[in-house]
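Next come the chains, spelled out residue by residue.
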Amino acid sequence: YSRTRKPEKEAAGMAYRPLKELLAHCDVVFTWGEQSNLPGGIAEEVLLSRPAVALLYEGHPLAVNPVLTREQLSHVQMVVPVCQHCRDFTAFYLRRMEQLHVKMGRKAQDAASMLLMLESGAGITVGPQGAFQENGHLVARTIEGCGEFGSWRALFRRGKVNPLVGALLDIIKEMDKRDGD
């Protein structure tokens, strides 16, 4: 939610602004992954955490396995999302793939391209559980020993929090608890 309407850059119909600038003008900023060097007076709260899963076309040979190993992933073509406007997410994603010892493959310039590549059987990707399973003919498979992909976080000013922001954060946390049950 922004109190100002001065987008720095626009792409695909959405405005992108540097995180520091957003925090100066917004009551709350939702972001994915770990944030470092937050300005003083900014609080961070984890809202949702999701395990990492492999996303692949339902006809892919690995789709018959309910759980995939890192060894299996090391032999497939990975589709890597590269967001020109979300450098922080792209860097986070690449670090996460490195932690999993997964080799990089083809680059998708946006989510739509990535989904088309996956649905055509051009490779697989790794993402947070629940992100893309409902799209077309993709299936999600657990990755053995992988753990969490990352977390959605809310960043807001310490101290007096807008009551609507506080209520929204409480609703999101309650929904996540229900999903986990």
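The notes below deal with the structure included here. Model, not experiment: these values are computed from the prediction.

1. Quick word on the overall build of the protein
When its secondary structure is counted, the protein shows five helices and ten strands. Of all 181 residues assigned to the protein, the portion counted as buried reaches 39%. Intrachain contacts of the protein at a sequence separation of at least 6 include 75% that bridge at least 24 residues. Accessible surface computed for the protein: about 10,700 Å², of which carbon and sulfur atoms make up 53%.

2. Let's talk about the pattern of salt bridges
Going through the model one piece at a time under the given rule, you end up with three salt bridges. The salt bridge partner of E45 is K173, with a shortest N-O separation of 2.3 Å. Here the residue E45 occupies a position in strand β4 (residues 42-57), and K173 occupies one in helix α5 (residues 163-180), the gap between them amounting to 128 residues. E45 gets classed as partly exposed once you look at its relative accessible area, which sits at 23%. Notably, a salt bridge pairs D170 with K173, separated by 3.8 Å at the nearest N-O pair. Remark: K173 and D170 occur in helix α5; sequence separation between them is three residues, near one turn of the helix. Judged by its relative accessible area of 48%, D170 falls in the partly exposed class. A single salt-bridge network, built from bridges that share partners, covers E45, D170 and K173.

3. Quick word on the nonpolar core
Side chains of nonpolar character tend, in soluble globular proteins, to be buried together. Residues L56, V126 and F149 are the most contacted members of the largest nonpolar core, which totals 23 residues. Among the elements of the structure, β4, α3 (87-99) and β9 (138-143) are those that each provide at least two residues to this core. Once residues lying within four places of it in the same chain are set aside, the contact partners of F149 are W32, R50, P51, A52, F89, F92, Y93, R96, M97, V126, G127 and P128. Membership of the second largest hydrophobic core comes to ten residues, among which are L55, V79, L115 and L118.

4. Topic: helix α4 (residues 111-119)
Among the residues making up α4, those that are buried are M114, L115, M117 and L118. The arc that holds every buried residue of α4, seen down its axis, measures 160°, which confines them to one face. At its buried positions, α4 is contacted by β4, β6 (79-81), β7 (106-108), β8 (125-128) and β9. A positive backbone phi angle near 80° is found at G121, which sits one or two residues after α4.

5. Looking at the side chain of R141
Counting through the fold element by element, R141 comes out in strand β9. For the buried R141, no salt bridge is present, and the opposite-charge side chain at shortest range is E58, 8.1 Å distant. A polar side-chain atom of R141 sits 3.1 Å from the main-chain carbonyl oxygen of N65. Once residues within four sequence positions are removed from consideration, R141 is found in contact with V53, A54, L56, A63, N65, P66 and L68.

6. Points about the environment of N65
Mapping N65 onto the fold places it in the loop between β4 and β5 (67-68). On a C-alpha basis, the gap between N65 and R141 in space is 7.5 Å, while along the polypeptide they are 76 residues apart. For N65, the contacting residues outside a window of four places in its chain are Q72 and R141.

7. Here's the deal with the pairing of β9
Within a regular beta strand, the side chains point alternately toward one face of the sheet and then the other, so they alternate between its two faces. In this structure, β4 lies alongside β9, joined through five bridges in antiparallel fashion. Counterpart to L56 in the pairing with β9 is V139.

The rules behind each value
- Residues numbered from 1 in each chain as written.
- Predicted model: local features only at pLDDT ≥ 70, side-chain atom pairs only at ≥ 80, totals over all residues.
- Heavy atoms only, no water.
- Helix = DSSP H or I, 4+ residues; strand = E, 2+ residues; numbered from the N terminus.
- Buried < 20%, exposed > 50% of the residue type's maximum accessible area, 1.4 Å probe, protein only.
- Contact = heavy atoms within 4.5 Å.
- Areas by Shrake-Rupley, 256 points an atom, 1.4 Å probe, with all protein chains shown as cover.
- Salt bridge = Lys/Arg side-chain N within 4 Å of Asp/Glu carboxyl O.
- Core = buried A, V, L, I, M, F, W, Y, C linked by side-chain atoms within 4.5 Å.
- Arc of directions from axis to C-beta.
- Lys, Arg positive; Asp, Glu negative; His and termini not counted.
- Polar contact = N/O pair within 3.5 Å; in protein donor to acceptor, adjacent residues only side chain to side chain.
- Pairing = 2+ DSSP bridges.

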